[in-house]
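Read off the chains here:
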Amino acid sequence: MSPKNVIFKKVCKDKSVGVYMGKRDFVDRVDSVEPLDGVILVDPEALQGRKVFVTLSCTFRYGRDDMDVMGIAFRRELYLATRQVYPPLQDREKGIHTRVQAKLLRKLGNNSYPFFFEFPDNLPCSVALQPAPSDVGKQCAVEFEIKAFSAESQDAKVRKRSTVKLMLRKVQYAPEGEGIAPSVETTRDFVMSDKPLHVKASLDKEVYYHGEPIKVHVSVTNNSSKNIKNIILSVDQIANVVLYSNDSYAKCVDIEDSGDSVSPGATLQKVYTMLPLLANNRERRGIALDGKLKHEDTNLASSSIVKDGVLKEVLGIMVSYRVMVKLIVGGEVGLEVPFKLMHAKPDAVSRRRRLCSRNSSAPT
């Protein structure tokens, strides 16, 4: 995530417009999203009478910009908002919304102007499908961008030399509260057995943080006459591309081939540990990743949490996770245990570290 006390700056080639922002990550709290603010620095001489505009856009991209089939571009704008920054349409002081803006305006001088946007609460978070190593061009992704440009008018042709773009991220943190620890069980009858096979799988909690081990509790009571030859566990990522095709991609991001067997009339109680990481899946095409900024690393995509009433068809790519437990008994007996994989809120991480530090320093 973007560090604190850092100013992100970018200037267009002809030096007429520059963008200054205090952060590039904006948190979606499901019922509201952090607003976006920044400052534009203009050079009136370089502008030569042109106006300056700022746009916030959310784009779903599912092909390279130069790809075109029967006149259809492989991108769709989900949201676009534009503000005129220069000449200002309101008093400069009225456009200040944050202390960072106020400090930047004081430092940059009289040719700097504030801008402000509010995100709608029905937009997806930043997410992308990982391309194969041999793929070239833009990847399938939901992207957010701030763009500043100078032009005669908002709809006039914009020169690249007079345009500056800055990629943003819209992210979600794990919700407050523990939630209900997921648990799934099933009973399977077999034709040649008088008694059934009973299987239960459960997790310790509903939400796990990226990089946190997942303990899977498996309980098997095999009263049947069948021999369970193996137990295989996997963590699956399900990415639903809901915008244009409603395609669903299930990718295994961690697997445990235990080799455990359970004889007829026997039982098994065991805890397996799973650890889904991007580090083990970097070469695999189609795995969903959290959106990343240039020169920064990322991770497996976080689970999507959607506000009630929002049309899922406009959300681009929706991501969910499940633990699969498969028992090999001639055929397969399987259980699906859903869970959420997300980032912890920064303050929650700090609280956890303080608690761990306090516990480790407590007298024994």
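Right above here is the structure, for reference.
Residues numbered from 1 in each chain as written. Predicted model: local features only at pLDDT ≥ 70, side-chain atom pairs only at ≥ 80, totals over all residues. Heavy atoms only, no water.

## Some thoughts on the pairing of strand β14 (residues 197-203)
Okay, so step 1: Of all seven residues in β14, five are buried, a share of seventy percent or more.
Okay, so step 2: In terms of strand pairing, strand β13 (residues 183-188) meets β14 through six bridges, oriented antiparallel. Considered in β14, the bridge of T186 is made with V199.
Okay, so step 3: Both β14 and strand β16 (residues 214-222) contribute to a ladder of seven bridges, which runs antiparallel. From the neighbouring strand, L197 faces β16, where its bridge partner is N222. (Buried < 20%, exposed > 50% of the residue type's maximum accessible area, 1.4 Å probe, protein only. Helix = DSSP H or I, 4+ residues; strand = E, 2+ residues; numbered from the N terminus. Pairing = 2+ DSSP bridges.)

## A word on empty space enclosed by the protein
Okay, so step 1: Tallied over the full model, the rule gives one cavity of 30 Å³ or more.
Okay, so step 2: Within this model, the largest cavity holds a volume of roughly 270 Å³.
Okay, so step 3: Together, 26 residues line the largest cavity, and P124, C125, Q172, S304 and I305 are the ones closest to its centre.
Okay, so step 4: Sorting the residues of the lining of the largest cavity by element identifies β12 (163-171) and β21 (317-329) as the ones contributing at least two each.
Okay, so step 5: The leading source of residues in the lining of the largest cavity is β21, at three residues.
Okay, so step 6: The residue makeup of the lining of the largest cavity, split by class, is 14 nonpolar, seven polar and five charged.
Okay, so step 7: Residue assignment places the lining of the largest cavity across two domains, with domain 1 (8-172) and domain 2 (183-356) each supplying three or more. (1 Å grid on protein atoms, 1.4 Å probe; cavity = no way out; pocket = protein on both sides within 12 Å on 5 of 7 lines; lining within 4 Å. Points joined across faces, edges and corners; volume = space filled by probe spheres on them. Nonpolar A, V, L, I, M, F, W, Y, C, P; charged D, E, K, R; others polar. Domains from an automatic or database assignment.)

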